[in-house]
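Residues per chain, in single letters:
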Amino acid sequence: MPHPRYPEGASMPLHSVSVAGAVVRDDGRILAIRRADNGTWEPPGGVLELDESPEDGTVREVLEETGIRVSVERLTGVYKNMNRGVVALVFLCRPEAGAERTSSESTAVRWLSPQEVRDMMSEVYAIRALDALSPTLAPHVRSHDGRRLLESA
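Residues numbered from 1 in each chain as written. Predicted model: local features only at pLDDT ≥ 70, side-chain atom pairs only at ≥ 80, totals over all residues. Heavy atoms only, no water.

A. Region of the structure containing the packing of aromatic side chains. Applying the stated criterion across every chain, the model contains zero aromatic pairs. Directly above the ring of tryptophan 41 sits arginine 110, whose terminal nitrogen or CZ lies 5.8 Å from the centroid. (Phe/Tyr/Trp six-rings, centres within 6.5 Å; stacked < 30°, edge-to-face > 60°. Lys NZ or Arg CZ within 6 Å of the ring centre and 35° of its normal.)

B. Here's a closer look at the sheet that holds strand E8 (residues 140-144). Ordered by their spatial adjacency, five strands build an open sheet running E4-E1-E6-E5-E8, and the pairing between neighbours is mixed. Every other strand in the sheet has two partners, leaving strand E4 (45-47) and E8 as the edge strands with one partner each. Taken over all neighbouring pairs, the strand axes of this sheet differ in orientation by 30° on average, direction set aside. Summarising the sheet, strand E1 (residues 16-23) and E4 pair through three bridges and their orientation is antiparallel. Residue pairing across strands places alanine 20 opposite glycine 45, the latter belonging to E4. Across the sheet, helix H1 (residues 54-66) is in contact with E1, E4, strand E5 (68-81) and strand E6 (86-98); its angle to E5 comes to roughly 110°. The strands that helix H3 (residues 123-133) touches are E1, E5, E6 and E8; relative to E5, the one it contacts most, it runs at about 125°. (Pairing = 2+ DSSP bridges. Helix = DSSP H or I, 4+ residues; strand = E, 2+ residues; numbered from the N terminus. Axes fitted to C-alpha atoms, helices over the stretch in contact; angles between N-to-C directions. Contact = heavy atoms within 4.5 Å.)

C. Representation of the environment of serine 113. As for its placement among the helices and strands, serine 113 is situated in the loop between strand E7 (106-112) and helix H2 (114-120). In this structure serine 113 comes out as buried when scored by relative accessible area, which is 18%. Sequence separation between serine 113 and leucine 31 is 82 residues; the distance between their C-alpha atoms is 9.1 Å. (Buried < 20%, exposed > 50% of the residue type's maximum accessible area, 1.4 Å probe, protein only.)

D. Geometry of H1. With 13 residues, H1 extends 18 Å between its outermost C-alpha atoms, agreeing within 8% with the 18 Å of an ideal straight helix rising 1.5 Å per residue. Inspection of H1 places Gly57, Thr58, Val59, Glu61, Val62, Glu65 and Thr66 among the buried residues, and these make up the whole buried set. As for H1, its buried residues are in contact with E1, strand E2 (30-35), E4, E5, E6 and E7. Phi turns positive, to about 85°, at glycine 67, one or two residues after H1. (Expected span 1.5 Å × (residues − 1).)

Keep in mind these values describe shape, not function.
Listed below in structure tokens is the structure:
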């Protein structure tokens, strides 16, 4: 049976799911990478593999990109890029072991203060890290266009 919003024979849009770790140290600093492909600062993360849980994918991506092994505490946000169909799940994480190092995906790894996050990251990535610091336990749900947050309907 065809989907009610799409005409018969039309394919439904595909979504990609990514995960990211908002890794926070006891001193409140947040782990960030400078991406090798575009030079932007972001929380570490990437595409979720088909055979892994969101939490396992977060641990894998953070370790691959930063050298830091983390424990996942809780989901802090769901973010959808409305232009690209990418849904990102962001988890609050705590560092457990390892030492900062770059990878083929990162040219720098730093622990940023919340103000440095605001200053160095674009709005759509800064909000992911800052939402993780929020005392609200319910996950934030936000949409964006790849550059700016969009108002809720």
